[in-house]
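Inside the fold
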Amino acid sequence: MADPPGCCSTCATCLLCPYSCQWITAKKEKRKGLRTTKYDCSWFLFLFCVFLFTLVWLYFAIIILNDFHNFNEFIFRQRKLWLDWSLVLLIATAVLISYSSVLLVLALCLQLCGQPLKLHWVHKILLILTALVVAAAFTGLGVKWAEEWKSARISLQATGPFLHIGIVGGMTLLAWPLASFIYRTHSTGLKVFLLLVFWAVMIALYLAPLGITSPCIMEENQLPPKPALVGHRGAPMLAPENTLMSLHKAVECDVQVFETDVMVSADGVPFLMHDEELTRTTNVQAVFPERAALNSTAFNWTDLQQLDAGSWFLERRPFPTVQSLSPGDRKEAAEQRIPSLEQILEAAKQSNISIMFDLRPENHSDYQNFVNVTLGVILQSGIPLQQVLWLPDGFREDVKQQAPGVQHVYGRKRLENEEPGLHINLPYQDMSSEEIRQYRQDNISVNLYVVNQPWLFSVLWCSGVSSVTTNACQVLKEMKHPIWLLPSSTYFMIWIVVDCVSFLIIIWAFVLMKKCSHRRRPAESETDVLLTKINSLMLE
């Protein structure tokens, strides 16, 4: 294996201490004749794999932040505990990636200094635990949140060109310790194997852009119009969801459609509520503690009007933006009540904003009556029917007969030979960029939900989606261009320059390390001769 030639004693000692967990100087290490064994190399390889594993998980953690509010709501429904679990995820991921990164940097620096890679047993145990934790996280993601794998695939369409540049840069830096190791090891077979693997990986990376496709690699004049914004329950980052304040904030964000959920009270009044229970977004546990677990439809309108639908927003802070609300907005939020559908329709009519809604719960025994009651309120409100987007599938044909002007939105892909002019509402994971482009050519309006992160909005914008449902209307409103837009000629130039620079740096690294190894050998030879003479004199 590799010989440990001399190195700056202080530097080597500072590197050995945290890596080997022993305060032993480099000179003592050298006197003891310690070398990096095959066993030590296997642990370095394991460290490198754990680092890559945690790096991939970090990427996934950043991607799933777009949908993490859904996870927070799921945990609340199961445990009645509200916490922004995204902070827990990011902190835990940062700890794991930082630990494995520091160890890897120490190992690479030790290799450059020619010191033995004696990883301490404590680090070995922690690395195994790190790998198990990340593996458990991936397993849980695949079992309970499988659609996020589709989110990762979509994200690669946006980040692929830039990840390629980063990976090429990382492999280029890795050439330095690799060259150092190759010129110090005596095993010819190992040298050949490492060089073949390294250059095979580099050639694959250099040619990778041939297989990278991204909807945002296009000329600016080919960019489709910016997608319209649909406020998911209004503007839930700026106001309590499904309230009049949330609708008004959505209007301020230039949202064109207010998306909401409608339920019908026990005495036949349609009102806005997403959850089947009232516990998350009202103070029902304080006002009606014995009835808090009942379905929202079990309460009459008089009872619902007694509930506070805004204070929870200030207390639980479902989004970080709550902290930056003005005193006036805080006061208004605290005064919010559950609005009826009639109140929302009146506000939508005055603000000239469309309303799209689901009617819940779909499995209720009196669902047909819910449809009739809701439709009656819409017809009596006087709102132009073209501003009403009807999502429920149940009894859709009855709705078409009673209110032919209502726009119907379908939660499915189009059927064969279906007429153009269709409106489709689907999760963003369920449609590819190719399908979006085809639907756009066929004059089919596509709305995808829920899109909160600028990177995701950029990909869908470049793909040509008609509109997106979002929690972050105040963020997406300010975007003037997709953040990933890159002309194909510019990307080609970046690709060639990065590859050429990387190749030259790698060649330079091997040449420089070869010269350094040649300079060391005469000095090492003279030292060996001197030690031999001293040993002979002592024996005499």
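Residue numbering note: each chain is counted from 1, following its sequence as written. Local features in this predicted model are restricted to residues whose pLDDT is 70 or higher, and side-chain atom pairs enter the listing and the counts only when it is 80 or higher, whereas totals over whole chains, interfaces and linings include all residues. The basis for every side-chain value is the complete set of heavy atoms in the structure, and neither hydrogens nor water enter the calculation.

**Here's the deal with the UniProt feature "transmembrane region" (unreviewed entry) in the protein chain**
What counts, and what does not: UniProt positions are given in the numbering used here, feature names are shortened, and annotations may be inferred rather than shown by experiment. Think of it this way: any DSSP run of H or I at least four residues long counts as a helix, any run of E at least two long counts as a strand, and we number them from the N terminus.
As annotated by UniProt and renumbered to match this structure, "transmembrane region" (unreviewed entry) occupies residues 41-65, 85-113, 125-143, 163-183, 192-212 and 492-512. Summarising residues 85-113: 97% helix, 0% strand, and an end-to-end C-alpha distance of 42 Å. With 76% helix and 0% strand, residues 192-212 has end C-alpha atoms that lie 30 Å from one another.

**Details of the layout of surface pockets**
By rolling a water-sized probe across the atoms, one finds the places where empty space is left. The following threshold applies: Residues are said to line a cavity or pocket when one of their atoms sits within 4 Å of a point; the points come from a 1 Å grid over protein atoms alone, cavities being sets where a 1.4 Å probe fits but cannot get out and pockets being open sets with protein on both sides within 12 Å along at least five of seven lines. Grid points are joined across faces, edges and corners, and a volume is the space filled by probe spheres set on the points. Segmentation of the chain into domains, including their bounds, is taken from an automatic or database domain assignment.
Computed from the structure, the largest pocket encloses a volume of approximately 1,400 Å³. Listing elements by their share of the lining of the largest pocket, those giving two or more residues are helix H3 (38-64), helix H4 (68-79), helix H5 (85-112), helix H6 (121-144), helix H7 (147-184), strand S2 (257-264), strand S4 (354-359) and strand S7 (423-427). Looking at the lining of the largest pocket, you find at least three residues from each of domain 1 (8-119) and domain 2 (231-477). Of the pockets and cavities examined, the second largest pocket occupies roughly 830 Å³. For the second largest pocket, the lining is made up of 24 residues, of which Phe-51, Leu-52, Leu-55, Gly-166 and Ile-167 are closest to its centre. Of all the secondary structure elements, the ones that give two or more residues to the lining of the second largest pocket are H3, H5 and H7.

**A look at the state of the cysteines**
Where we set the bar: Any two cysteine sulfur atoms lying within 2.5 Å of each other are counted as a disulfide. A 1.4 Å probe rolled over the protein chains alone gives each residue an accessible area, and that area as a share of the maximum for its type sets the label: buried under 20%, exposed over 50%, partly exposed in between.
Applying the stated rule across the entire model yields 1 disulfide. Note that Cys-216 is cross-linked by a disulfide to Cys-462, the S-S spacing being 2.0 Å. Handedness here is read from the sign of the S-S torsion; for Cys-216 and Cys-462, about 100 degrees, the answer is right-handed. In this pair, Cys-216 is assigned in the loop between helix H8 (188-207) and strand S1 (228-232) and Cys-462 in helix H18 (residues 454-463), connecting sequence segments 246 residues apart. Residue Cys-216 shares its accessibility class with Cys-462, and that shared class is buried.

**What to know about empty space enclosed by the protein**
Evaluation of the coordinates by the stated rule reveals 6 cavities of 30 Å³ or more. Around the largest cavity sit Glu-241, Asn-242, Thr-243, Leu-272, Met-273, His-274, Thr-281, Ala-309, Ile-338 and Pro-339, which together line it.

**Remarks on unusual backbone geometry**
Of the consecutive residues Arg-360 and Pro-361, the connecting peptide bond is found in the cis state with omega at -10 degrees. Within the fold, Pro-361 resides in the loop between S4 and helix H15 (367-381). Looking along the chain, the bond that leaves Tyr-449 and enters Val-450 is cis, with omega of -15 degrees. With respect to the element layout, Val-450 can be found in the loop between strand S8 (445-449) and H18. Not every positive phi belongs to a glycine, and Phe-395 is a case in point at roughly 60 degrees. Its location among the elements puts Phe-395 in the loop between strand S5 (388-390) and helix H16 (396-402). At Asn-443, a residue that is not glycine, the phi angle is positive and equals roughly 60 degrees. In this fold, Asn-443 is placed in the loop between helix H17 (433-441) and S8. Asn-443 sits in the exposed class, given a relative accessible area of 54%.

**Here we look at the packing of H5 against H7**
Describing two packed helices takes the angle between their axes plus the distance from one axis to the other. Put simply, the rule reads: Helix axes are fitted only over the stretch in contact, all axes being lines through C-alpha atoms; the angle between N-to-C directions runs from 0 to 180 degrees. Between 65 and 115 degrees an angle is taken as roughly perpendicular, under 35 as roughly parallel, over 145 as roughly antiparallel, and anywhere else as oblique. Rotating anticlockwise by less than a right angle from the far helix to the near helix defines a left-handed crossing, while the corresponding clockwise rotation defines a right-handed one. Residue contacts follow a heavy-atom distance rule, with two residues in contact if any of their heavy atoms lie within 4.5 Å. In this count, Pro and Cys sit with the nonpolar residues alongside Ala, Val, Leu, Ile, Met, Phe, Trp and Tyr, while Asp, Glu, Lys and Arg are called charged and the others, Gly among them, polar.
Running from N to C, H5 and H7 point in directions that differ by 40 degrees, and their axes come no closer than 9 Å. Considered as vectors, H5 and H7 are oriented oblique to each other. The hand of the H5/H7 crossing is left-handed. Contact with H5, carried on its side by Leu-108, Gln-111 and Leu-112, involves Leu-174, Trp-176, Pro-177, Ser-180, Phe-181 and Arg-184 of H7 and no other residues of that element. A class-by-class count of the residues in the contact of H5 with H7 yields 6 nonpolar, 2 polar and 1 charged.

**Describing a nonpolar patch on the surface**
What counts here: A patch consists of residues whose relative accessible area exceeds 30% and which take part in no salt bridge; residues with like charges are grouped when within 9 Å of each other, and nonpolar side chains (Val, Leu, Ile, Met, Phe, Trp, Tyr) when within 5 Å. Accessible surface area values rest on a Shrake-Rupley calculation with a 1.4 Å probe, where residue burial reflects the displayed protein chains alone. Just to be clear on terms, a salt bridge is a Lys or Arg side-chain nitrogen sitting within 4 Å of an Asp or Glu carboxyl oxygen.
A contiguous nonpolar surface patch, about 640 Å² in accessible area, is contributed by Trp-121, Val-122, Ile-125, Leu-126, Ile-128, Leu-129 and Leu-132. Considering the arrangement of structural elements, one finds Val-122 in helix H6.

**Examining the packing of aromatic side chains**
The condition that has to hold: Side-chain rings of Phe, Tyr and Trp (the six-membered ring for Trp) are treated as a pair once their centres are within 6.5 Å; stacked means planes under 30 degrees apart, edge-to-face means over 60, and tilted covers the remaining angles.
Enumeration according to the criterion identifies 21 aromatic pairs in this entry. Taken together, a centroid distance of 5.5 Å and an interplanar angle of 20 degrees make the contact between Phe-53 and Phe-138 stacked. Of this pair, Phe-53 sits in helix H3 while Phe-138 is found in helix H6, placing the two residues 85 residues apart along the sequence. Ring centres of Phe-162 and Trp-484 lie 5.2 Å apart, and the angle between their planes is 45 degrees; this geometry places the pair in the tilted category.

**Overview of H7**
Rules: The span expected for a helix works out to 1.5 Å for each residue beyond the first. Bend, at a single residue, is the angle you get between axes fitted to the 7 residues ending at that residue and the 7 residues starting at it.
The terminal C-alpha atoms of H7, which comprises 38 residues, lie only 48 Å apart, well short of the 56 Å expected from a rise of 1.5 Å per residue. At Thr-159, H7 shows its maximal kink, close to 65 degrees; a proline, Pro-161, follows between one and four residues later.

**A look at the packing of helix H14 (residues 341-351) against H15**
Contact geometry for H14 and H15: axes closest at 10 Å, N-to-C directions at 35 degrees. The two elements H14 and H15 cross, and the hand of that crossing is right-handed. Of H15, the residues touching H14 (which contributes Leu-341, Glu-342, Leu-345, Glu-346 and Lys-349) are Thr-374, Val-377, Ile-378 and Ser-381. For the contact of H14 with H15, the residue count by class is 4 nonpolar, 2 polar and 3 charged.

**Digging into the nonpolar core**
Put simply, the rule reads: As used here, the term nonpolar core means buried Ala, Val, Leu, Ile, Met, Phe, Trp, Tyr and Cys residues forming a set that is joined through side-chain atoms within 4.5 Å.
Judged by nonpolar contacts, the single largest core of 65 residues is most densely connected at Leu-448 and Leu-460. The element contributing the most residues to this core is H18, with 7 residues. In this view, Leu-448 contacts Leu-426, Pro-427, Tyr-428, Met-431, Ile-436, Leu-460, Val-465, Ser-467, Val-468 and Thr-469; residues no more than four positions away in its chain are not counted. The next biggest cluster of nonpolar side chains, apart from the first, holds 16 residues, and it includes Met-171, Ala-179, Phe-198 and Val-498.

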